[in-house]
Amino acid sequence: KDLITLEYSEGNYVNAVNLIYEKYLNRKADKDGMLGYLNRLNKGYDISWVIENIKKSDEYSRIKELNELIKIKEIKYKYDFPKKINIIKKRNDILS
């Protein structure tokens, strides 16, 4: 079991919700979010519902989009950097 599921199964709903927020939103749960999710969990909602609800949020979508842009830029930089070094080396060879 992962830590989120373990905390949930042991009834540690506050810890489970905070772990979900940290995993998917990179922050602790705000007061309103925490209270809303705790209310649902206490009514019998499963922890998977909380995860799916977070993953459907605008905030998660923005984070996911930004992470994809960062990955694209890292890949582009990774492949462009050696190419630029070779161009500089060739230019230096010509000048020397």
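Preceding this paragraph is the structure being described.
Here the structure is a predicted model, which means the values were calculated and not measured.

Engineer: When you look at the overall build of the protein in this model, what are you seeing that I'm missing?
Structural biologist: Per the secondary structure count, the protein includes 5 helices and 0 strands. Helices and strands in the protein line up, N terminus first, as α-α-α-α-α. Summed over its atoms, the accessible surface of the protein is roughly 7500 Å², and 55% of this surface lies on carbon and sulfur atoms.

Engineer: For this particular structure, what's the right way to read the nonpolar core?
Structural biologist: A general tendency of soluble globular proteins is for nonpolar side chains to be buried together. In terms of nonpolar packing, the biggest core is built from 19 residues, with Val-17, Ile-20, Tyr-21, Ile-47, Val-50 and Ile-54 touching the most fellow members. Broken down by secondary-structure element, the contributors of at least two residues to this core are helix 1 (3–9), helix 2 (13–25), helix 3 (31–42), helix 4 (47–55) and helix 5 (58–95). Sorting elements by how many residues they give to this core places helix 2 first, with 6 residues. Once you skip the residues sitting within four places of it in the chain, Val-17 turns out to touch Ala-29, Met-34, Tyr-37, Leu-38 and Leu-41.

Engineer: Whenever I open this one, helix 4 confuses me. Can you help?
Structural biologist: Owing to its 3.6 residues per turn, the α-helix aligns residues three or four sequence positions apart on the same side. Taken residue by residue, helix 4 has Ile-47, Val-50, Ile-51 and Ile-54 as its buried positions. Burial along helix 4 is one-sided: seen end-on, the buried residues are contained in an arc of 95 degrees.

Engineer: Could you clarify how one ought to interpret helix 3 in this entry?
Structural biologist: Across its 12 residues, helix 3 extends 16 Å between first and last C-alpha, which sits within 8% of the 16 Å expected from 1.5 Å per residue. For helix 3, the set of buried residues is Gly-33, Met-34, Tyr-37, Leu-38 and Leu-41. The buried side chains of helix 3 occupy one side of the element, clustering within an arc of 125 degrees when seen end-on. Opposite the buried face of helix 3, at more than 90 degrees from it, the exposed residues are Lys-31, Asp-32 and Asn-42. Taken together, the buried residues of helix 3 touch helix 1, helix 2 and helix 4. You can read the cap of helix 3 off the contacts: a side-chain oxygen lies 3.3 Å from the backbone nitrogen of Asp-32, and it is on Asp-30. Once helix 3 ends, the next one or two residues include Gly-44, with phi positive near 110 degrees.

Calculation notes
- Residues numbered from 1 in each chain as written.
- Predicted model: local features only at pLDDT ≥ 70, side-chain atom pairs only at ≥ 80, totals over all residues.
- Heavy atoms only, no water.
- Helix = DSSP H or I, 4+ residues; strand = E, 2+ residues; numbered from the N terminus.
- Areas by Shrake-Rupley, 256 points an atom, 1.4 Å probe, with all protein chains shown as cover.
- Core = buried A, V, L, I, M, F, W, Y, C linked by side-chain atoms within 4.5 Å.
- Buried < 20%, exposed > 50% of the residue type's maximum accessible area, 1.4 Å probe, protein only.
- Contact = heavy atoms within 4.5 Å.
- Arc of directions from axis to C-beta.
- Expected span 1.5 Å × (residues − 1).
- Polar contact = N/O pair within 3.5 Å; in protein donor to acceptor, adjacent residues only side chain to side chain.

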